[in-house]
Amino acid sequence: MRTTPLLFTSLDLRGVHLKNRIVLSPMLTYSGHGGHVNDWHFTHLGKYAISGVGLFFVESTNVDAAGCTTSSDLGLWADDFIAPFKRIVDFAHRYGAAIGIQLGHSGRKAASGTPWERSPAGEGSKLLKGLQRVDNTGPWELVAPSALAHAAGHPVPRALSVNEIHQLADAWGQAAARAEHAGFDVVEVHAGHGYLIHQFLSPKANRRNDEYGGTLQARMRFGLEVADEVRRHWPENKPLFFRISAVDDSGLTIEDSVAFSTALKTKGVDVIDCSSAGMATDNSHLLAHLRYGYQVPYARQVRAEAGIKTMAVGLIIHADHAEQILQSGSADLVALGRELMHNPNWPIDAALKLGRKASAAGLPQAYGYWLDKRAAAAFGGTPSTFRIGMEPEQMERVKLE
Ligand SMILES: Cc1cc2nc3c(=O)[nH]c(=O)nc-3n(C[C@H](O)[C@H](O)[C@H](O)COP(=O)(O)O)c2cc1C
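**Q** Can you help me understand the overall build of the chain in this one?
**A** Tallying secondary structure elements over the chain gives 13 helices and 13 strands in all. Here the chain holds 401 residues, and 59% of them are scored as buried. Of the contacts formed within the chain by residues at least 6 apart in sequence, a portion of 72% connects residues at least 24 apart. With an accessible surface of roughly 16,100 Å², the chain has 54% of that area assigned to carbon and sulfur atoms.

Here is the structure:
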């Protein structure tokens, strides 16, 4: 019988060591100013550095100011964004957590209000009127593969020229280089949720008749060029993730996603993060059918058929469910979003629930030392058989720093 739950086994991706398989999914917090992180982000993200997760992601961060979903989004389109990120990254590393950043561009879904500012569906983009770009360089113009609005009532974007498409792929590469300067362990490219790369993939949003539109091969081209550019600027010894909408509400099928993932693998992508949807404004029909682990089958199929590591996400709440997803071979990593928002210390709870009796969820000793003692007192055993704190070697490292 397995003594260590798979959830608490480590995973080495290229040169990056994840102490366990628990990941904080990227989540926009709409708290930036001019694209910059501030104390909110340090506190919010710093919490996950000491919570026991193996890897946590900074929210979708824009490679170009025009790609911000809202004016409170984060950016990495210039060098002066690097230093404040580095402070968060250094903090994560001090406590043995790996940290990733998701790099995105919202395309025709940019320049909207925050969810709590938006009026009923379809009216959020009214905020666009007269809005300046986040970098204050002029009016905020939407761009997309084709001049087609996200939905009725939304502004019509301008179709990108081929030259601009190349510039955007390059912007992803430049942002990846800045992520490396900040010391991030993982870059994830956001290619789902109806944003720019997904817009190129979609037969509905992409009606181009040049080499970037038409067949699936042509619609995949932009995403693959982004992968190339990011790989060119992102070190060989660091892993690259892609988040995809494995199926959507505009005709993209799981077979298309398997084909895209297979091609991404040849570009040096290491993990496919399998989400879904985002092309439609009204997703109430999808929301009505959400169940625990509703996207896990996509991670399973991509993993089996594209032969690439996957991350499962979406209503994964319970430790035994997370463990079962890994045990059944559906995914290599389990990402939690709102559950970790609800309980940042979920890994500690999961360790106990899975009967963890040896070795660590990877907590700093400021927590782990006391929680080990409490576990021993409450549940029997000795602290050494009930470790939920850091491994001794890790403690040594922290003490030395
Ligand atoms: C407030 C909020 C912000 C989100 N922002 C992002 C984001 O920046 N990038 C992304 O790929 N997904 C984003 N998502 C989706 C989550 O990463 C996750 O896939 C989704 O919430 C489902 O997982 P959960 O049920 O564990 O929350 C966001 C979700 C929420 C609730």
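After presenting the structure, the write-up continues.
**Q** Please clarify how helix H5 (residues 216-233) should be interpreted in this entry.
**A** Quick reminder: α-helices carry 3.6 residues per turn. Residues three or four places apart thus point the same way. For H5, which comprises 18 residues, the first-to-last C-alpha distance of 26 Å matches the rise-based estimate of 26 Å (1.5 Å per residue) to within 8%. Phenylalanine 222 marks the point of greatest bend in H5, at about 35°. Those residues of H5 that sit buried are Leu216, Ala218, Arg219, Met220, Phe222, Gly223, Leu224, Val226, Ala227, Glu229, Val230 and Arg231. Those residues of H5 that are buried are in contact with helix H3 (162-182), strand S9 (186-191), helix H4 (196-201), strand S10 (240-245) and helix H6 (254-266).

**Q** Any chance you could explain helix H11 (residues 346-353) here in plain terms?
**A** Every buried residue of H11 is accounted for by Trp346, Pro347, Ile348, Ala350 and Ala351. Phi turns positive one or two residues past the end of H11, at glycine 355, with a value near 70°.

**Q** For this particular structure, what's the right way to read the packing of aromatic side chains?
**A** Aromatic ring pairs are reported here in terms of the distance separating the ring centres and the angle at which the planes meet. Enumeration according to the criterion identifies 11 aromatic pairs in this entry. Centre to centre, the rings of tyrosine 30 and tryptophan 116 are 5.3 Å apart; their planes meet at 90°, and the pair counts as edge-to-face. Here the residue tyrosine 30 occupies a position in the loop between strand S3 (22-24) and helix H1 (39-49), and tryptophan 116 occupies one in the loop between strand S6 (98-104) and strand S7 (143-144), the gap between them amounting to 86 residues. Residue tryptophan 116 is classed as exposed on the basis of its relative accessible area, which comes to 63%. Ring geometry for phenylalanine 200 and phenylalanine 222: centres 4.5 Å apart, planes at 40°, overall tilted. You can see phenylalanine 200 sitting in helix H4 and its partner phenylalanine 222 sitting in helix H5, a full 22 residues away along the chain.

**Q** Is there a simple way to think about the pairing of S9 in this case?
**A** Successive side chains on a regular strand alternate, one facing one side of the sheet and the next facing the other. Here S9 lies mainly inside the structure; 6 of its 6 residues are buried. Where S9 lies against S10, 5 bridges are found, and the strand directions are parallel. Bridging from a neighbouring strand, histidine 190 pairs with arginine 243 of S10.

**Q** Just to check I follow, could you spell out unusual backbone geometry for this structure?
**A** Most peptide bonds are trans, and most residues other than glycine sit at a negative phi. If you check the backbone angles, tyrosine 30 has positive phi at about 50° while not being a glycine. Given a relative accessible area of 15%, tyrosine 30 falls into the buried group. You will see that asparagine 136, though not glycine, has its phi angle at about 60°, which is positive. Mapped onto the fold, asparagine 136 is located in the loop between S6 and S7. Using a relative accessible area of 60% as the deciding quantity, one classes asparagine 136 as exposed.

**Q** What is the right way to look at the environment of alanine 335 in this model?
**A** Within the fold, alanine 335 resides in strand S13 (residues 333-336). With relative accessibility at 1%, the residue alanine 335 sits in the buried group. A C-alpha to C-alpha distance of 5.2 Å links alanine 335 and serine 25, two positions 310 residues apart in sequence. Sequence-distant contacts of alanine 335, defined by excluding residues within four places in its chain, comprise Val23, Ser25, Met311, Ala312, Val313, Gly314 and Ile316.

**Q** Is there a simple way to think about the side chain of glutamate 323 in this case?
**A** Counting through the fold element by element, glutamate 323 comes out in helix H9 (residues 319-327). Within polar-contact distance, the side chain of glutamate 323 engages the backbone nitrogen of leucine 7 at 2.8 Å.

**Q** How should I be thinking about the pattern of salt bridges in this particular structure?
**A** Oppositely charged side chains are able to pair whenever their charged atoms sit close together. Inspection of the entire model under this criterion finds 16 salt bridges. As a salt-bridge pair, aspartate 270 and arginine 231 come within 3.3 Å of each other at their nearest N and O atoms. Of the two residues, aspartate 270 is situated in the loop between H6 and strand S11 (271-275) and arginine 231 in helix H5; the sequence distance between them amounts to 39 residues. A relative accessible area of 10% places arginine 231 in the buried class.

**Q** What am I meant to see in the site of the ligand here?
**A** The environment of the ligand is formed by 15 residues, the closest being Ser25, Pro26, Gln102, Leu315 and Arg338. In this structure, glutamine 102 approaches the ligand through a side-chain N or O atom, which is 2.7 Å from a nitrogen atom. Between the ligand and the protein, one listed contact pairs an oxygen atom with a side-chain N or O atom of arginine 243 at 3.0 Å. Considering the ligand on its own, with 600 Å² of exposed area, one finds that the protein chains cover 83% of that surface. Residues belonging to the shell around the ligand are distributed by class as follows: 6 nonpolar, 7 polar and 2 charged.

**Q** Sorry if this is basic, but what is going on with the nonpolar core here?
**A** Generally speaking, a soluble globular protein has its nonpolar side chains buried in company with each other. Counting 98 residues, the largest nonpolar core has Phe56, Trp172, Phe184 and Phe222 as its most contacted members. For this core, the element with the most residues is H3, which contributes 9 residues. Once you skip the residues sitting within four places of it in the chain, phenylalanine 184 turns out to touch Val58, Phe85, Val89, Ile99, Gly100, Ile101, Ala179, Trp234 and Lys238. In terms of nonpolar packing, the next biggest core, distinct from the first, is built from 15 residues, Val23, Ala98, Phe241 and Val271 among them.

**Q** So what exactly am I meant to see when it comes to the environment of serine 275 here?
**A** Note that serine 275 resides in strand S11. According to the relative accessible area criterion, serine 275 is buried, its value standing at 5%. Apart from the residues within four sequence positions on either side, serine 275 is in contact with His193, Arg243, Ile244, Ser245, Ala246, Val247, Gln295, Tyr298 and Val313.

Each value, and the rule that gives it
Residues numbered from 1 in each chain as written. Predicted model: local features only at pLDDT ≥ 70, side-chain atom pairs only at ≥ 80, totals over all residues. Heavy atoms only, no water. Helix = DSSP H or I, 4+ residues; strand = E, 2+ residues; numbered from the N terminus. Buried < 20%, exposed > 50% of the residue type's maximum accessible area, 1.4 Å probe, protein only. Contact = heavy atoms within 4.5 Å. Areas by Shrake-Rupley, 256 points an atom, 1.4 Å probe, with all protein chains shown as cover. Expected span 1.5 Å × (residues − 1). Bend = angle between axes of the 7 residues up to and from the residue. Phe/Tyr/Trp six-rings, centres within 6.5 Å; stacked < 30°, edge-to-face > 60°. Pairing = 2+ DSSP bridges. Polar contact = N/O pair within 3.5 Å; in protein donor to acceptor, adjacent residues only side chain to side chain. Salt bridge = Lys/Arg side-chain N within 4 Å of Asp/Glu carboxyl O. Near = heavy atom within 4 Å. Nonpolar A, V, L, I, M, F, W, Y, C, P; charged D, E, K, R; others polar. Core = buried A, V, L, I, M, F, W, Y, C linked by side-chain atoms within 4.5 Å.

Distances and angles like these do not, on their own, reveal function.
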